[in-house]
Amino acid sequence: MKIEDYPLAKELIFDTEGNISQVILNYTDYQYLLEAIEDRGLLQAMRQVKDEKPLSLQEALAELEKE
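### Thoughts on the overall build of the chain
Helix and strand content of the chain: 2 helices and 2 strands. Helices (α) and strands (β) of the chain occur, in sequence order from the N terminus, as β-β-α-α. Taken over C-alpha atoms, the radius of gyration comes to 21 Å for the chain, far larger than the 11 Å a tight globule of 67 residues would show. Referenced to the eigenvectors of the C-alpha coordinate spread, the extents of the chain come out at roughly 55 × 20 × 20 Å. Relative to its 67 residues, the chain shows a buried fraction of 4%. Of all intrachain contacts in the chain linking residues separated by at least 6 positions in sequence, the fraction that spans at least 24 positions is 3%. For the chain, the accessible surface area stands at approximately 6,300 Å², while carbon and sulfur atoms represent 54% of it.

In structure tokens:
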């Protein structure tokens, strides 16, 4: 495995068996990855509830009180 195979990686750290155990990233690239993961999670959540009926503010607050 070569570092060129991992475009965001600045450094690869290997274990004693030669497997990649850690990857060093620029902080900016790390933030980009976190945002992409969060965006993906938001998209999945939106898809799960797309057919649900919207609640009024009072209904939403009542639901929160139940929890």
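The discussion continues.
### Comments concerning the packing of aromatic side chains
If you walk through the whole model with that rule in mind, you get 1 aromatic pair. Ring geometry for Tyr27 versus Tyr30: centroids 6.2 Å apart, planes at 35 degrees, classification tilted. Of this pair, Tyr27 and Tyr30 both sit in helix α1 (residues 27-49), 3 residues apart, which is roughly one turn of that helix. Its relative accessible area of 40% is what places Tyr30 among the partly exposed residues.

### Let's talk about the pattern of salt bridges
One pass over the structure, following the stated rule, counts 2 salt bridges. We note a salt bridge from Glu59 to Lys53, for which the minimum N-O separation is 3.9 Å. Overall, the relative accessible area of 34% leaves Glu59 in the partly exposed class. Linking Glu63 and Lys66 is a salt bridge whose minimum nitrogen-to-oxygen distance equals 3.2 Å.

### Description of the pairing of strand β2 (residues 20-25)
Where strand β1 (residues 9-14) lies against β2, 5 bridges are found, and the strand directions are antiparallel. In the sheet register, Leu12 faces β2, and the bridge partner there is Val23. Turn length for the β1-β2 hairpin, with the two strands adjacent in sequence and antiparallel, is 5 residues, and the turn residue Gly18 shows positive phi of about 85 degrees.

### Details of the environment of Glu11
For Glu11, the location among the structural elements is in strand β1. On the basis of relative accessible area, Glu11 is assigned to the partly exposed category, the value being 44%. Along the primary structure Glu11 and Val23 are separated by 12 residues, whereas in three dimensions their C-alpha atoms are 5.9 Å apart. If we ignore the near neighbours within four places in the chain, the residues touching Glu11 are Ile3, Gln22, Val23 and Ile24.

### Structural notes on a nonpolar patch on the surface
Together, Leu8, Tyr32 and Leu33 give the surface a local cluster of nonpolar side chains, amounting to about 270 Å² of exposed area. Considering the arrangement of structural elements, one finds Leu33 in helix α1.

Criteria and thresholds
Residues numbered from 1 in each chain as written. Predicted model: local features only at pLDDT ≥ 70, side-chain atom pairs only at ≥ 80, totals over all residues. Heavy atoms only, no water. Helix = DSSP H or I, 4+ residues; strand = E, 2+ residues; numbered from the N terminus. Rg over C-alpha atoms; globule rule 2.2 N^0.38 Å. Buried < 20%, exposed > 50% of the residue type's maximum accessible area, 1.4 Å probe, protein only. Contact = heavy atoms within 4.5 Å. Areas by Shrake-Rupley, 256 points an atom, 1.4 Å probe, with all protein chains shown as cover. Phe/Tyr/Trp six-rings, centres within 6.5 Å; stacked < 30°, edge-to-face > 60°. Salt bridge = Lys/Arg side-chain N within 4 Å of Asp/Glu carboxyl O. Pairing = 2+ DSSP bridges. Patch = residues over 30% accessible without salt bridge, like charges linked within 9 Å, V, L, I, M, F, W, Y side chains within 5 Å.

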